[in-house]
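# Fold and contact review
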Amino acid sequence: MIKGLSAQTKLAAVVGHPVGHSLSPILHNAWLAASDLDAVYLALDVTEAGFAAFMAGLRESQILGLNVTLPFKAAALAVADEASDIAARAGAANLLRFQSGRIWADNTDGAGLIEALSIHETFLPSQGPALLLGAGGAARGAVGALLDAGVPEVHVKNRSPDKVLALQAALGDRRVKTFSSMADPLACIVNATSLGLNGQGAPDLDWTSVRTPTLVLDMVYRPLNTTFLQQASIYGHQVIDGLAMLIGQARPSFAALFGIAPPPIDVRRLALAQLSATG
Ligand code: NDP
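Being a predicted model, the structure only gives us computed values, none of them experimental. Numbers given to residues run from 1 along each chain, matching the order in which its sequence is written. Under the rules for a predicted model, residues below a pLDDT of 70 receive no local features and side-chain atom pairs below 80 are neither given nor counted, while totals for whole chains, interfaces and linings still include all residues. Only hydrogens and water are removed before side-chain values are computed, so all heavy atoms of the structure are retained for them.

### Considering the pairing of strand E2 (residues 39–45)
Threshold: For two strands to pair, DSSP has to find at least two bridges joining them. By the criteria applied, helices consist of DSSP H or I runs no shorter than four residues and strands consist of E runs no shorter than two, each listed in order from the N terminus. Clockwise travel from the first strand over the helix to the second, with the strands pointing away from the viewer, marks a crossover as right-handed.
Pairing of strand E1 (residues 10–16) with E2, which is carried by seven bridges, proceeds in the parallel orientation. Residue Ala12 lies in a different strand from E2, and its bridge partner there is Tyr41. For the crossover that starts at E1, traverses helix H1 (residues 24–33) and ends in the parallel E2, the hand is right-handed.

### Notes on the nonpolar core
Note the following rule: Residues enter a nonpolar core if they are buried and are Ala, Val, Leu, Ile, Met, Phe, Trp, Tyr or Cys, with the set joined through side-chain atoms within 4.5 Å. Here's how the labels work: a residue is buried when its accessible area is under 20% of the maximum for its type, exposed when over 50%, partly exposed in between, all with a 1.4 Å probe on protein chains only. Here, residues are in contact when the closest pair of their heavy atoms is within 4.5 Å.
Ranked by size, the top nonpolar core spans 31 residues in total, and within it Leu117, Leu132, Leu146 and Leu217 carry the most contacts. Those elements that place two or more of their residues in this core are helix H5 (109–118), strand E7 (130–133), helix H6 (137–149), strand E8 (154–157), helix H7 (161–171), strand E10 (188–191), strand E11 (215–218) and helix H9 (242–258). Among the elements that make up this core, the one with the highest residue count is H6 (six residues). In this structure, Leu117 is in contact with Phe123, Leu146, Cys188, Leu215, Leu217 and Ile240, ignoring residues within four places of it in sequence. With 22 residues, the next largest nonpolar core counts Ala30, Trp31, Leu246 and Ile247 among its residues.

### Observations concerning the site of the ligand
Here is the rule we go by: Near, as used in this document, describes a residue that has one of its heavy atoms within 4 Å of the molecule or strand being considered. What qualifies as a polar contact is a pair of N or O atoms within 3.5 Å, subject to a donor-acceptor requirement within protein and to the restriction that residues adjacent in sequence count only when both atoms come from side chains. Note on areas: Shrake-Rupley with a 1.4 Å probe; residue coverage comes only from the protein chains shown. All residues other than Ala, Val, Leu, Ile, Met, Phe, Trp, Tyr, Cys, Pro, Asp, Glu, Lys and Arg, Gly among them, are scored as polar; the first ten of these are nonpolar and the last four charged.
Around the ligand, the surrounding shell holds 22 residues, and the nearest of these are Ala138, Asn158, Arg159, Ser160 and Met219. Here Gly137 contributes a backbone N or O atom positioned 3.0 Å from an oxygen atom of the ligand. Burial of the ligand by the protein amounts to 76% of the accessible area it has alone, namely 930 Å². Mapped onto the shell around the ligand, the elements with two or more residues apiece are H6 and H9. In terms of residue class, the shell around the ligand is built from 10 nonpolar, eight polar and four charged.

Function-wise, these values are silent; they only describe arrangement.
Structure (structure tokens):
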């Protein structure tokens, strides 16, 4: 359990702007409470103007590391001395570790996506292309993870076509295609746009053209049951919410920050309680 705070207490945090809505402290502190570590996990709100100075100060500190959320994922990668291949390909980091004045960057969002999809034994990556909606930071991280998991191609559909071209150029992988027509069957459909957040809309998709039932994941988790997932259910697809992905990215983050696997407790229940309390 979390011990009384002292000079020995280890510190990790999530940094973002705003960050008050983050579920990461709930997840990590629950895991810490169930383990025997003298450590605490906080949420730190830093302005965009202050991020560079904030990171420079932390570089020589005793902090174990940070999770990084909007809008700092690209800046976090830029500030790091070393980066994992997956973070470099994503062009973004959601995890920074501090060791002897150096900063090491990683990206566990892709691992979270694959963990959430893999909960379902119907996820067969090789059975067809993945359809990815969106071409922002989260989509870029998802592409590498989906290809690594074994999907033969990723078909990217986005409001701004130039962003798809930029994503293809950044990844330099022929298996990343601009969406032109619906493949059948698909390995999965992933919403990586911010549409649906706070109940605002849903990505435009012709559900009648998705003939074979597939797995549909929405990265948005406020609300949990988005309009997009409701549409997918109506058309007979199996749905996965964004909270499953969030927990999936938090697990390897915890292991990297605190050096042990997260204890097997039901953090989803805690996160759901927090979501319903905060809307
Ligand atoms: P970005 O701002 O980088 O990208 C936003 C994407 O949404 C772009 O593709 C953008 O299209 C599209 N979009 C935004 N508004 C509209 C609109 N009105 N109509 C059509 N398309 C639109 O955000 P991120 O990629 O970082 O995040 C995307 C979502 O994923 C967010 O909701 C985020 O919270 C969520 N997320 C969830 C995670 C989880 O663990 N569950 C992890 C990471 C992210 P365009 O290029 O045309 O502007």
